[in-house]
Amino acid sequence: MRRLALATLIVALVALPIALLPVRAAPAAADAAHFDYRLAAREVGPGVYVIEGANADFSLANGCNIINTGFIVTGAGVIVVNTGPTKLYGEQQRALIARTTDEPILRVVNLDLHPDYFFGNQAYADVPRLATPTTRAGMQRDGAAYEDNLYRLCGDWMRGTARLLPDTDAVPGVLHVGSHTIELRELRGHTPSDLVLIDRGSGVAFVGGLVFSRRIPTTPNAELAPWLASLQTLAGWKLRYLVPSHGDVGAGFAAIDGTRRYLDWLDRAFAGAAAQGLEMNEVLRLPMPAEFRRWGAADTEYIRNVADLYPRYEEAVLQRAR
Ligand SMILES: [Zn+2]
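Bear in mind that the values here come from a model prediction, so they are computed numbers and not experimental data.

Engineer: Just checking my understanding: could you explain the nonpolar core for this structure?
Structural biologist: Side chains of a nonpolar character, in soluble globular proteins, are inclined to be buried together. Formed by 40 residues in total, the largest nonpolar core has its most connected members in L234, Y262, F270, Y302 and Y310. For this core, the elements supplying multiple residues, two or more each, are β10 (194–199), β11 (204–213), α5 (224–236), α6 (254–275) and α9 (298–321). Per-element accounting of this core gives the leading share, ten residues, to α6. Within the second largest apolar cluster, 30 residues are counted, among which are Y49, F58, Y89 and I97.

Engineer: I keep staring at the state of the cysteines and nothing clicks. Help me out?
Structural biologist: What makes a disulfide is a covalent bond joining the sulfur atoms belonging to two cysteines. The tally for this structure, following the rule as stated, stands at one disulfide. What pairs with C64 in a disulfide is C154, and their sulfur atoms sit 2.1 Å apart. Residues C64 and C154 are joined through a disulfide that is left-handed, its torsion about the S-S bond being -95°. Here C64, found in the loop between β2 (48–51) and β3 (69–73), pairs with C154, found in helix α4 (residues 133–154); they are 90 residues apart in sequence, far enough to count as distant. Like C154, C64 is buried.

Engineer: Sorry, what's going on with the side chain of N221 here?
Structural biologist: Structurally, the position occupied by N221 is in the loop between β11 and α5. A polar contact of 2.7 Å, which involves the side chain of N221, links it to the side chain of H114.

Engineer: Any chance you could explain the coordination of the zinc ion here in plain terms?
Structural biologist: Around a metal, the ideal angle is 109.5 degrees if four donors adopt a tetrahedral arrangement and 90 or 180 degrees if six donors adopt an octahedral arrangement. The coordination sphere of the zinc ion, as far as protein atoms go, consists of D112 (OD), H114 (ND1) and H190 (NE2), spread over 2.2 to 2.4 Å. Look at where the donors of the zinc ion fall in the sequence and you get D-x1-H-x75-H. Of the two residues, H114 sits in the loop between β5 (105–109) and α3 (115–118) while H190 sits in the loop between β9 (180–187) and β10, which places them 76 residues apart along the sequence. The burial state of H114 is the same as that of H190; both residues are buried.

Engineer: Sorry, what's going on with the sheet that holds β5 here?
Structural biologist: Sheet strands associate in pairs through backbone hydrogen bonding, adopting either a parallel or an antiparallel arrangement. Spatially, β1-β2-β3-β4-β5-β6-β7 is the arrangement adopted by the seven strands of the open sheet, whose pairing is mixed. Across the chains shown, the open sheet's two edge strands, defined by having one partner strand only, are β1 (41–45) and β7 (168–169). Pairing of strand β4 (residues 78–81) with β5, which is carried by four bridges, proceeds in the parallel orientation. The residue bridging V81 from the neighbouring strand is V109, located in β5. Contacting β1, β2, β3, β4 and β5, helix α2 (residues 87–100) runs over the sheet at an angle of about 30° to β3.

Engineer: Got a minute to help me understand the pairing of β11 in this structure?
Structural biologist: Within a regular strand, side chains alternate between the sheet's two faces. Counted residue by residue, β11 has ten buried out of ten residues, so it is predominantly covered. Where β10 meets β11, three bridges bridge the pair, whose relative direction is antiparallel. Following the sheet pairing, D199 is matched in β11 by V204. As consecutive antiparallel partners, β10 and β11 are separated by four residues, and within that stretch G203 has a phi angle of approximately 75°, a positive value. In the sheet, β11 pairs with strand β12 (residues 241–247) via six bridges, with the strands oriented parallel. When the sheet's bridge partners are listed, G208 is paired in β12 with P244. With α5 bridging β11 and its parallel neighbour β12, the resulting β-α-β unit is right-handed.

Engineer: Is there a simple way to explain α4 in this structure?
Structural biologist: Residues lying three or four places apart along an α-helix face the same way, a consequence of the helix completing one turn every 3.6 residues. The largest bend along α4 measures about 55° and falls at D142. Within the span of α4, buried status applies to T135, G138, M139, D142, G143, Y146, E147, L150 and C154. Following α4 by one or two positions, G155 adopts a phi angle in the positive range, close to 55°.

Engineer: Would you take a moment to explain unusual backbone geometry for this structure?
Structural biologist: Glycine aside, negative phi is the norm for most residues, and most peptide bonds take the trans geometry. Even without a glycine there, the phi angle at R38 is positive, about 50°. Tracing the sequence through the fold places R38 in the loop between α1 (2–20) and β1. Look at R38 and you get exposed, because its relative accessible area is 63%. In this structure, A297 takes a positive phi of about 65° despite not being glycine. Summarising the element assignment, A297 is placed in the loop between α8 (290–293) and α9.

Definitions and cut-offs
Residues numbered from 1 in each chain as written. Predicted model: local features only at pLDDT ≥ 70, side-chain atom pairs only at ≥ 80, totals over all residues. Heavy atoms only, no water. Core = buried A, V, L, I, M, F, W, Y, C linked by side-chain atoms within 4.5 Å. Buried < 20%, exposed > 50% of the residue type's maximum accessible area, 1.4 Å probe, protein only. Helix = DSSP H or I, 4+ residues; strand = E, 2+ residues; numbered from the N terminus. Disulfide = S-S within 2.5 Å. Polar contact = N/O pair within 3.5 Å; in protein donor to acceptor, adjacent residues only side chain to side chain. Donors = N, O, S within 2.8 Å, 3.2 Å for Na, K, Ca; no water. Pairing = 2+ DSSP bridges. Contact = heavy atoms within 4.5 Å. Axes fitted to C-alpha atoms, helices over the stretch in contact; angles between N-to-C directions. Right-handed = clockwise from strand over helix to strand, strands pointing away. Bend = angle between axes of the 7 residues up to and from the residue.

In structure tokens, the structure reads:
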């Protein structure tokens with residue numbers, strides 16, 4: 001009897017935390033279809049493909065696929081632009097490329113340090129992986145924290161993911177690969193190093209995290225003044241088609257202006273709030289213009305904008321007062 005009671009207690013103790021856990025997807029082998037990102041390539045210029053992610057925040061429901069990646073089939077091999085948030089994404093991206101072309105993968109380019117730009121790199125362990133020295137240093141510094149965060153947010157989609165960093169410095173300039181002329185330009189503001197990859201023939205530009213298209217920008221490494229200057233620079237380049245890493249692809253140059261309007265609003269709202277001595281919880285309740293409330297991740301990302309950036313505005317007010 002006593003033994004039975006003990007067994008019941010153990011069962012109850014084991015079952016309790018399981019019952020409290022959110023419902024998890026079944027193991028990959030038993031339910032492979034569930035772990036299918038259903039990636040599709042869309043040709044936006046000759047040989048230039050985009051793979052679109054959800055205009056949303058990281059979640060179990062979207063497998064953390066919130067990034068627009070791409071690849072360029074040059075005639076002499078394939079250049080991959082960003083590899084997605086998980087090992088699984090990288091593998092499915094590479095399989096999609098293999099279904100699209102027989103050409104080998106030549107290299108991978110990771111445009112900034114954020115995890116969804118390079119956590120698929122494990123699928124490309126056999127090819128050179130490029131990022132700027134500043135980005136590589138940032139990944140080295142923050143990579144472990146990114147891993148913890150995405151395991152928490154993406155659950156079983158992250159299985160087997162272990163960060164594989166770029167192994168080669170990306171150098172701004174022009175590359176001639178096959179029949180394509182590809183230009184790398186380094187700007188900053190969204191992060192300390194934001195690489196832009198331009199396919200010169202088609203005018204398609206992968207603009208990374210500098211442009212958020214109808215999506216609230218992420219700001220953990222942001223500096224608004226250089227970011228706004230970079231948007232001005234981008235707007236002056238002769239480009240035909242923008243591929244922002246987040247949000248709606250194909251919104252065109254309006255997306256540059258939308259990002260600029262949001263960052264301007266953030267800057268003015270935070271400066272005004274700090275001047276009035278508002279606290280962070282009051283800033284969280286500031287009314288957001290209707291246009292931005294309709295954008296992807298509006299429920300969650302503004303909260304992080306406040307946490308990331310508002311303390312700097314408070315600090316600036318304190319400095320002036322001293
Ligand atoms: Zn980013």
